[in-house]
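Each chain, written out:
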Amino acid sequence: MKFLVCISQTPDTTAKISFNGDGTEFNAAGVQFIMNPYDEWYALVRACEIREALGGTVVALNVGPAANETTIRKALAIGADEAVRINADPKSAAFTAKQIAAYAADQKFDIIFFGKETIDHNGSEVGAMVAEYLDLPYVSYASKLDLNGNVAAIEREIEGGVEELEVDLPFVLSAAKGMAEQRIPNMRGIMTARTKPLTEVQPVAFDENSKVVQYTLPPAKAGVKLIDPENMDELVRLLHEEAKVI
Amino acid sequence: MVLVFAESPRGQFKKAAFEAVTYGKKAADILGVSCVAITLGSVKDAGELGKYGASRVLNVSDNAYDHFDSQAYTSAIADIAKQVGAKLVVVSHSSTGKAVAGRLAVRLNGGLVSGANSLPVVSGNGIRVKKSVFSGKAIAEFELSASVNVLSLMGNAVKPEVSGAAVSVENVSVNSQKGRVRVKSVRTQEGIVPLPEAEMVVSAGRGMKEPGNWNIVEDLAAVLGATTACSRPVADSHWRPHHEHVGQTGIAIRPNLYIAIGISGAIQHLAGVNNSKVIVVINKDPEAPFFKAADYGIVGDLFDVVPRLTQALKKFKSQG
Ligand SMILES: Cc1cc2nc3c(=O)[nH]c(=O)nc-3n(C[C@H](O)[C@H](O)[C@H](O)COP(=O)(O)OP(=O)(O)OC[C@H]3O[C@@H](n4cnc5c(N)ncnc54)[C@H](O)[C@@H]3O)c2cc1C
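I will try to describe carefully the structure that is included in this document. (Residues numbered from 1 in each chain as written. Chains lettered and ligands numbered in written order. Predicted model: local features only at pLDDT ≥ 70, side-chain atom pairs only at ≥ 80, totals over all residues. Heavy atoms only, no water.)

## Observations concerning the environment of Lys196(A)
All names here are of chain A.
Part 1 of the reasoning: Looking at the element boundaries, Lys-196 is found in the loop between helix H5 (187–193) and strand S11 (198–201).
Part 2 of the reasoning: Along the primary structure Lys-196 and Leu-4 are separated by 192 residues, whereas in three dimensions their C-alpha atoms are 16 Å apart.
Part 3 of the reasoning: Not counting residues within four places of it along the chain, the set of residues in contact with Lys-196 comprises Arg-73, Leu-76, Gly-79, Ala-80 and Asp-81.
Part 4 of the reasoning: There is a polar contact of 2.9 Å between the side chain of Lys-196 and the backbone oxygen of Ala-80. (Helix = DSSP H or I, 4+ residues; strand = E, 2+ residues; numbered from the N terminus. Contact = heavy atoms within 4.5 Å. Polar contact = N/O pair within 3.5 Å; in protein donor to acceptor, adjacent residues only side chain to side chain.)

Written out as structure tokens, the structure reads:
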């Protein structure tokens, strides 16, 4: 079995988000970066668990600059066998997907894993795009994955429920909560991660047809209106007359 | 032409489909074109989409579409987009729409905004559309410059609006790929509005002390007709089912009303709920960070306040 796990680097969940003066670029100064939680907790850990049970190789892939290697080494410490970094600034989901697809095209991966979305662009786009480039089935929001030979049994989260499905290898999957539990890398993992192979690959050309022209911060809340805990009639009145939500 | 894919899980439209067509109609007016809706598989009352602004409603009646497969759906929608000469393709930002939007953009060689929450504005090089990014902490405006572009529309971003009359459904055939995902079963909870679609949400956290106390939360939700949600530690300790977990690592929601009970308002929790229109916070700690994100706050013991609020709402409802 050969698994590819695509990992993204995102600002830490508690990071304060700001932009440069004209709002065209994210201001990374002072921001702590982490591996996108869904990629780490769910996709990567599940791929490693299946490799541990059935054998095979887990390749972690990141599209990003050399500075991302700390995040990539963490993926190796958690359990990936080797890593690939496509040396480019991941300008957009479409760009990133094109790079991953170009790399994976002739590698014969059995499953290509993604997290259900990134916590910076919240797009849920890259997995679907890679699946389309490679003409593979795509199962998104998977909360359970088991392999029986060449057939995967998957549970997929849908609005208000769960879909149980089957698909033959190879395919593309995005992982959601339920798939696995977060793993803290142990000392041995951290030590061996240093010597595991990390290959740098050069990007392919891509014509952008979408770009962010402006970032803004949401308007600040007017401030909380405190209501006497003894007087819930007043809250009901405000929700009805002022907020008009009931 | 704006093409809207109106999804019909298990043969029926939900609010998401009416929102998408309403949005498609408004976008079509802005772009000076018409709005056409496409439905896949067996669908009840597909012609109703005319009421929300579709000038034509197309259906591919093949029952192979009764189960979702992203490849089969994408190839069918893309084929129709080519047949009708679509400039903009709109899908819902749902479990179905998210799995096709990226595929469609690649197949049509188009730009994509996933989770769009504003109407398009015509600009020099194409159209501009906004979406929420950084888990609700910022807004990004995208410019799409391809000749066909794709949007997935965030739930609750527009209200379904009736602007016309039902139309008759046209059966069409498509040149599409066969799905390779085999759906074995679908389990859904009946009678509850799923969180991503809910207009009102009553959510509770660790301040509830133990799972046996949730009846006061359920009573409040029942008078409002709201869906219940919870914070992450509550789901992690199995006090409540996982699908109720909202926040950065759970479900992101944007209801009209979000009532947070005994939740401190950690940044990761806020990331999933800060797009709610109105936030009410009930917490005994006046310093709880959630009050900074709230519209209305009640500093008090939830075990007193919540039943009192339920009573007040019952009184309000009975006065009609
Ligand atoms: C990477 C990461 C991702 C995360 N993702 C999420 C996420 O998606 N969603 C999420 O919710 N959390 C998430 N968290 C956890 C988050 O940081 C908080 O720990 C969590 O939200 C706290 O849950 P809580 O508010 O229920 O509990 P607490 O923080 O324990 O708050 C309980 C609150 O109840 C109040 N209270 C207690 N008793 C009463 C009473 N009798 N009456 C009134 N008020 C009372 C207290 O004053 C307190 O404010 C994440 C954390 C990390 C590190």
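After presenting the structure, the write-up continues.
## Considering the pattern of salt bridges
Residues and elements named next belong to chain A.
Part 1 of the reasoning: Within the structure shown, the criterion is met by 37 salt bridges over all chains.
Part 2 of the reasoning: Measuring nitrogen to oxygen at the nearest pair gives 3.3 Å for the salt bridge that ties Lys-74 to Glu-40. Residue Lys-74 is located in helix H2 (residues 69–78), and its partner Glu-40 is located in helix H1 (residues 37–54); the two are separated by 34 residues in the primary sequence.
Part 3 of the reasoning: Since its relative accessible area comes to 5%, Glu-40 is described here as buried.
Part 4 of the reasoning: A cluster of three or more residues bridged by salt bridges with shared partners is formed by Arg-46, Glu-49, Lys-144 and Asp-146. (Salt bridge = Lys/Arg side-chain N within 4 Å of Asp/Glu carboxyl O. Buried < 20%, exposed > 50% of the residue type's maximum accessible area, 1.4 Å probe, protein only.)

## A word on the sheet that holds strand S13 (residues 227–230) of chain B
The strands making up a sheet associate through backbone hydrogen bonding, with each pair oriented either parallel or antiparallel.
Part 1 of the reasoning: Sheet architecture is open: six strands sit in the order S13(A)-S16(B)-S15(B)-S14(B)-S12(B)-S13(B), paired in parallel fashion. The sheet terminates laterally at strand S13 (225–226) of chain A together with S13 of chain B, the two strands that pair on one side only.
Part 2 of the reasoning: Relative to strand S16 (residues 296–299) of chain B, S13(A) is paired through two bridges, and the arrangement is parallel. The residue of S16(B) that forms the bridge with Lys225(A) is Tyr296(B).
Part 3 of the reasoning: Packing against the sheet, helix H4 (residues 215–224) of chain B makes contact with strand S12 (200–204), S13 and strand S14 (257–261) of chain B, and its axis sits at approximately 175 degrees to S12(B).
Part 4 of the reasoning: Most of the contacts of helix H7 (residues 302–318) of chain B go to strand S15 (residues 278–283) of chain B, to which it runs at about 135 degrees, and overall it touches S14, S15 and S16 of chain B. (Pairing = 2+ DSSP bridges. Axes fitted to C-alpha atoms, helices over the stretch in contact; angles between N-to-C directions.)

## Examining the packing of aromatic side chains
Part 1 of the reasoning: This structure, assessed with the given rule, holds 17 aromatic pairs over all chains.
Part 2 of the reasoning: Ring centres of Phe5(B) and Tyr73(B) lie 5.8 Å apart, and the angle between their planes is 90 degrees; on these two criteria the pair is classed as edge-to-face. Linking Phe5(B) in strand S1 (residues 2–5) with Tyr73(B) in helix H2 (residues 70–84), this pair joins segments that are 68 residues apart in sequence. The same class applies to Phe5(B) and to Tyr73(B), which are both buried.
Part 3 of the reasoning: Linked through ring pairs, Phe19(A), Phe26(A), Tyr215(A) and Phe134(B) together constitute an aromatic cluster.
Part 4 of the reasoning: The ring of Phe109(A) is capped by Lys2(A), whose NZ or CZ atom sits 4.9 Å from the centre of that ring.
Part 5 of the reasoning: Between the NZ or CZ atom of Lys91(A) and the centre of the ring of Phe95(A), over which it lies, the distance is 4.4 Å. (Phe/Tyr/Trp six-rings, centres within 6.5 Å; stacked < 30°, edge-to-face > 60°. Lys NZ or Arg CZ within 6 Å of the ring centre and 35° of its normal.)

## Describing the packing of helix H6 (residues 232–242) of chain A against H7(B)
Part 1 of the reasoning: In contact at an axis separation of 8 Å, H6(A) and H7(B) are set at 55 degrees when each is read in the N-to-C sense. The angle between H6(A) and H7(B) falls in the class oblique. Of the two possible hands of crossing, H6(A) and H7(B) adopt the one that is right-handed. Listed contacts from H7(B) to Met232(A), Asp233(A), Leu235(A), Val236(A) and His240(A) of H6(A) are Val305(B), Arg308(B), Leu309(B), Ala312(B), Leu313(B), Lys315(B) and Phe316(B). (Parallel < 35°, antiparallel > 145°, perpendicular 65-115°, else oblique. Left-handed = near helix turned anticlockwise from the far one by under 90°.)

## Quick notes on H2(B)
Residues and elements named next belong to chain B.
Part 1 of the reasoning: The end-to-end C-alpha distance of H2 is 21 Å, a good match for the 21 Å that 15 residues give at a rise of 1.5 Å each.
Part 2 of the reasoning: With 13 of its 15 residues buried, H2 lies for the most part within the structure.
Part 3 of the reasoning: Capping the start of H2 is the job of one residue whose side-chain oxygen sits 2.9 Å from the backbone nitrogen of Gln-71: Asp-69.
Part 4 of the reasoning: A positive backbone phi angle near 70 degrees is found at Gly-85, which sits one or two residues after H2. (Expected span 1.5 Å × (residues − 1).)

## Topic: a nonpolar patch on the surface
Part 1 of the reasoning: Taken together, the side chains of Met187(A), Ile190(A) and Met191(A) make up a nonpolar region of the molecular surface, amounting to roughly 290 Å² of accessible area.
Part 2 of the reasoning: The residue Met187(A) is located in helix H5 in this model. (Patch = residues over 30% accessible without salt bridge, like charges linked within 9 Å, V, L, I, M, F, W, Y side chains within 5 Å. Areas by Shrake-Rupley, 256 points an atom, 1.4 Å probe, with all protein chains shown as cover.)

## Here's the deal with the sheet that holds strand S8 (residues 151–158) of chain A
Part 1 of the reasoning: The strand order S11(A)-S5(A)-S4(A)-S1(A)-S6(A)-S10(A)-S7(A)-S8(A)-S9(A)-S11(B) describes an open sheet built from ten strands, whose pairing is mixed. Edge positions in the sheet fall to S11 of chain A together with strand S11 (182–188) of chain B, since each of these pairs with one other strand and no more. Neighbouring strand axes in the sheet, compared pairwise and without regard to direction, differ in orientation by 30 degrees on average.
Part 2 of the reasoning: Examined bridge by bridge, strand S5 (residues 82–86) of chain A and S11(A) share four bridges and lie parallel to one another. Each residue of the ladder has a partner; that of Arg85(A), found in S11(A), is Glu200(A).
Part 3 of the reasoning: Across the face of the sheet, helix H3 (residues 93–104) of chain A comes into contact with strand S1 (2–6), strand S4 (57–63), S5, strand S6 (111–115) and S11 of chain A while running at roughly 145 degrees to S4(A).

## Focus: the nonpolar core
One recurring pattern in soluble globular proteins: nonpolar side chains tend to sit buried together.
Part 1 of the reasoning: Among the nonpolar cores identified, the biggest contains 59 residues, and Leu4(A), Ile100(A), Ile112(A), Leu3(B), Leu40(B), Val89(B) and Leu104(B) are the most heavily contacted of them.
Part 2 of the reasoning: Sequence-distant contacts of Val89(B), defined by excluding residues within four places in its chain, comprise Leu3(B), Ile77(B), Ala81(B), Leu104(B), Leu108(B), Val148(B), Asn149(B), Val150(B) and Leu151(B).
Part 3 of the reasoning: Judged by nonpolar contacts, the second largest core, of 41 residues, contains Ile7(A), Tyr42(A), Ala47(A) and Ile78(A). (Core = buried A, V, L, I, M, F, W, Y, C linked by side-chain atoms within 4.5 Å.)

## Here we look at unusual backbone geometry
All names here are of chain A.
Part 1 of the reasoning: A cis amide bond links Leu-169 to the next residue, Pro-170, at an omega of -5 degrees.
Part 2 of the reasoning: Relative to the assigned elements, Pro-170 resides in the loop between strand S9 (161–168) and strand S10 (171–175).
Part 3 of the reasoning: Despite not being glycine, Tyr-141 has its phi angle at roughly 55 degrees, a positive value.
Part 4 of the reasoning: Counting through the fold element by element, Tyr-141 comes out in strand S7 (residues 138–148).
Part 5 of the reasoning: Judged by relative accessible area, Tyr-141 falls into the buried class, the value being 10%.

Distances and angles like these do not, on their own, reveal function.
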